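Observations on chain architecture
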Amino acid sequence: MDKQTITLTLGDSSGIGPELVVKALNDMDLRDSANWIIVGDEEIFNKGMKIAGKTLTYNRISNIEEFDPQAGNLWFIDLNNMNASDYNIGELSAASGKQSGEALKYAMNIALDNYADAVVYGPLNKDALHKGGFNFHDDLHFFADLLNCKEGFGEVNVMDDLWVTRVTSHIPLREVRENISEERVRKTIEFAHGILTQANIENPKLAVSALNPHAGDNGLLGDEEYDIIKPAIEKVQNKGINVAGPYPSDTILNERKKLDFDCMIAMYHDQAQIGMKLLGFNRGVTISGGLPVILTTPAHGTAFDIAGKNKADEGAMIHAMRKAQDLISKEVTQK
Amino acid sequence: MKPVVGITMGDAAGIGPEIIVKALQDETLYEQCHPVVIGDAKILERAKQVVQADVTIHSVHSVKESVFQHGTIDCYDMNLVSKDLPFGQISPQAGDAAYKYVAEGIALAKSDDIQAICTAPLNKEAMHKGGHLYPGHTEILADLTDTKDYSMMLSGPNLKVIHLTTHVGLLQAIENINPERTYTVVRLAHETLLRAGNENPSVAVCGINPHAGENGLFGNGEEEEKLIPGIEKAQQEGIQVEGPYPADTLFFRAGRGDFDIVVACYHDQGHAPVKVLGLEAGVNITVGLKGGIIRTSVDHGTAFDIAGKNIADEQSMQEAIRAALDLAPKK
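This text gives an overview of the structure that appears in the document. (Residues numbered from 1 in each chain as written. Chains lettered and ligands numbered in written order. Predicted model: local features only at pLDDT ≥ 70, side-chain atom pairs only at ≥ 80, totals over all residues. Heavy atoms only, no water.)

1. A closer look at the overall build of chain B
Here is the rule we go by: Helical segments are the DSSP runs of H or I of at least four residues, strand segments are the runs of E of at least two, and each set is numbered from the N terminus. C-alpha atoms define the radius of gyration, and 2.2 Å times the number of residues to the power 0.38 defines the globule rule. Under the scheme applied here, a residue whose accessible area is under 20% of the maximum for its type counts as buried, over 50% as exposed, and between as partly exposed, the area being computed with a 1.4 Å probe on protein chains only.
A count of helices and strands for chain B gives 12 helices and 12 strands. In terms of overall dimensions, chain B is globule-like: its C-alpha atoms have a radius of gyration of 20 Å, near the 20 Å expected for 331 residues. By principal-axis analysis of the C-alpha atoms, chain B measures approximately 65 × 40 × 35 Å. Across the 331 residues of chain B, 60% fall into the buried class.

Okay, here's the thing in structure tokens:
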């Protein structure tokens, strides 16, 4: 079996991304497990090595055609698209946003052209990207636009062996109810089943959370559980998908052992994110699923407050790189 | 001075009496508070047999007669229930008594004989048959203290949460939030911790929308309309309060100690983090009752099916007593 090839971006150059990529690649087991092609500005990467206090040996190339898996496993495509005077570490800037967006777009295109099997990107800053000329609603829609995708995608969060995805995402809480339908709940369950299966989890166990407190308390606090969520669950159960619920959303995560599931399906953003952040703020991985390119990133942000100080923990970046490998392993085997 | 915690005995046919006797075998509780049970001494005697506890039930008729020593359970003896009351059955007599224990608890709190009330479960049906048509404990407490603006608090080892709304559907919860309610609950949070001995409590408020609305990107201005005016009013009164912040990162920050208490907008927003942080045994706390009365409660019912069998777990009762002594006004 050929080694997997994964493109990496450094994320926002003012944040902790560059130093994290260096630190993660300093893990030799991880580094030897795939071919890594970093896409970015070489000066930013050099700065990252300086901050991390590590020197990595890599092959610098100017385009993907020059990549030769026989000649090494760490490559750098230098876009040379940043002036050192245009940004400062720890400060939000349009230049950093523009640079990180361009690098990501470039990395995605390499994967789209089948030179790479997945993209792992360093933490992005939404304000910086907006200022840098990339206009979008949230990260997922940014990627979907870049990849010309209209539907069927979703954000998935993974921490250790716990997976979470949700029916609605970055919308006002007030609009959650009108965006939940039997069809959308069903499609989200099927989406979750698909992505966990892709990650080699056999017959994954899914648990759906309720919308209202106490799962509606037999209709006293809401009907959505009976009218929408339950019928959706039953329909996908009939297709052989291992799914149960709806469960009260305040206890679903701490009763995980009892309920025995791999993936929680939330109805709205905070329902899943509050628990996930408490369980491991710095270990989570975010996957943008259902797109033609496999995309993973650490769940944390750019952390401007500690950027450049070699304080940031590379754990989530390593998990993001490993998770990308899990998601592609099947495809590579099938090739 | 250790606070005196009045523990109301709940429905005598349920598990209340036995979990109280079991909970009070924990010596550390006596190191931190003076517990006194408001109930029937003969029912506690029976519970003592059930759980085979090596304690003395000490019947008193005023709180002052209590000895507050581990190994002795002081009972403010109201003598309302017959000794041979069957376990696990709805009884108007026990329902009436359960109400009267709570009413007496409120009277004792008003006269400052006790500094906090901890309630064992009552049976709603029995209480109704006993002639007291309340939906539950909280409504009795609100009625007898003439309170309208109360709130539900949860307390865990590293996190305290107070709620703007609780048992309403998610959409209704958003409707029910307004600046006045936000201000009231922020003030309740501040005053409750202040009286409990925290000289400079810090309060933080959760946003309603994902990322607290992210400057209008993920919201329709609910934070600006419903939360911020209430927060600003409290700030102008010198209350140390911040927000609204994205709920997911706020609970993480509060859990590591950045804030003393978090104001949650709706039930699951506040309950989920407390439970994820490992509060096995739940405690409900009612704050805002007039006179500053603190009331804590177990999060389970009378469990008639296992009453009198020494099966019931006392952990929630112990946590409720601990929460009561923690939040009781300190002098």
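2. Describing the pattern of salt bridges
Filter applied, for reference: We define a salt bridge as a contact between a side-chain nitrogen of Lys or Arg and a carboxyl oxygen of Asp or Glu at a distance within 4 Å.
Evaluation of the coordinates by the stated rule reveals 30 salt bridges over all chains. Put simply, R174 of chain A and E222 of chain B hold a salt bridge, and the shortest N to O gap is 3.3 Å. Of this pair, R174 of chain A sits in the loop between β7 (162-166) and α7 (182-198) while E222 of chain B sits in helix α9 (residues 222-236), on two different chains. Its salt-bridge partner being K277 of chain A, residue D248 of chain B comes within 3.0 Å of it at the nearest N-O pair. Separated into two different chains, D248 of chain B in helix α10 (residues 247-255) and K277 of chain A in helix α10 (residues 269-280) make up a pair that spans both. The class of D248 of chain B is buried, set by a relative accessible area of 4%. Within this structure, R174 of chain A together with E175 and E222 of chain B form a network of salt bridges that share partners.

3. What about the pairing of strand β9 (residues 243-247) of chain A?
Side-chain direction in a regular strand flips from residue to residue, so the side chains alternate between the two faces of the sheet. To keep it simple, the criterion reads: The pairing criterion for strands is at least two bridges between them, as found by DSSP.
The sheet contact formed by strand β8 (residues 206-209) of chain A and β9 of chain A spans 3 bridges and is parallel. Bridge assignment links A207 of chain A to a residue of β9 of chain A, and that residue is A244 of chain A.

4. Overview of the interface of chain A and chain B
Interface size is often expressed as the accessible area that is lost when the parts come together. Defined as follows: We call two residues in contact when some of their heavy atoms are within 4.5 Å. Buried surface area refers to the total accessible area, computed with a probe of radius 1.4 Å, that the two partners give up upon joining, counted for both partners together. Ten residue types, Ala, Val, Leu, Ile, Met, Phe, Trp, Tyr, Cys and Pro, are classed as nonpolar, four, Asp, Glu, Lys and Arg, as charged, and the remainder, Gly among them, as polar.
Taken residue by residue, the interface counts 33 residues in chain A and 34 residues in chain B. Both sides together, the interface formed by chain A and chain B hides about 3,100 Å², and carbon and sulfur atoms give 64% of it. At the junction of chain A and chain B, the tally comes to 5 salt bridges. Where E175 of chain B meets R174 of chain A, a salt bridge forms, and the shortest distance between an N and an O atom there is 3.5 Å. Of all elements in the fold, only α5 (126-131) and α10 of chain A reach the threshold of two or more residues within the side of chain A that touches chain B. Here the side of chain A that touches chain B is built from residues that sort into 12 nonpolar, 13 polar and 8 charged.

5. Some details on helix α11 (residues 267-276) of chain B
In terms of residue burial, α11 of chain B counts as a mostly covered element, since 9 of its 10 residues are buried. Three or more residues of α11 of chain B are buried, namely H267, D268, Q269, G270, H271, A272, P273, V274 and V276 of chain B. Along its buried surface, α11 of chain B packs onto α10 of chain A together with β6 (151-155), β7 (160-163), β8 (203-206), α10 and β10 (261-264) of chain B. Count one or two residues on from α11 of chain B and you reach G278 of chain B, which has phi positive near 95°.

6. Describing the packing of aromatic side chains
Rules: Aromatic pairs are defined between Phe, Tyr and Trp rings, using the six-membered ring for Trp, whenever the two ring centres lie within 6.5 Å; interplanar angles under 30 degrees are classed as stacked, those over 60 as edge-to-face, and all others as tilted. We call a charge positioned above a ring when the Lys NZ or Arg CZ atom is no farther than 6 Å from the ring centre and deviates by at most 35 degrees from the ring normal.
Scanning all chains against the criterion turns up 11 aromatic pairs over all chains. Measuring from ring centre to ring centre gives 5.5 Å for F45 of chain A and Y58 of chain A, while their planes differ by 80°; the resulting arrangement is edge-to-face. Taken as a pair, F45 of chain A in helix α3 (residues 42-52) and Y58 of chain A in the loop between α3 and β3 (59-61) lie far apart in primary sequence, 13 residues in all. Relative accessible area serves as the criterion here: at 18%, Y58 of chain A is assigned to the buried category. Pairing F142 of chain A with F143 of chain A gives two aromatic rings, centres 5.6 Å apart and planes at 40°, and the pair type is tilted. Its relative accessible area of 4% is what places F142 of chain A among the buried residues. Cluster of aromatic residues (ring-pair linked, three or more members): Y121, F134, F136, F142 and F143 of chain A. Just above the ring of F261 of chain A sits the side chain of R256 of chain A; from NZ or CZ to the centre is 5.7 Å. We note R46 of chain B situated over the ring of F87 of chain B; from NZ or CZ to the ring centre the distance is 3.9 Å.

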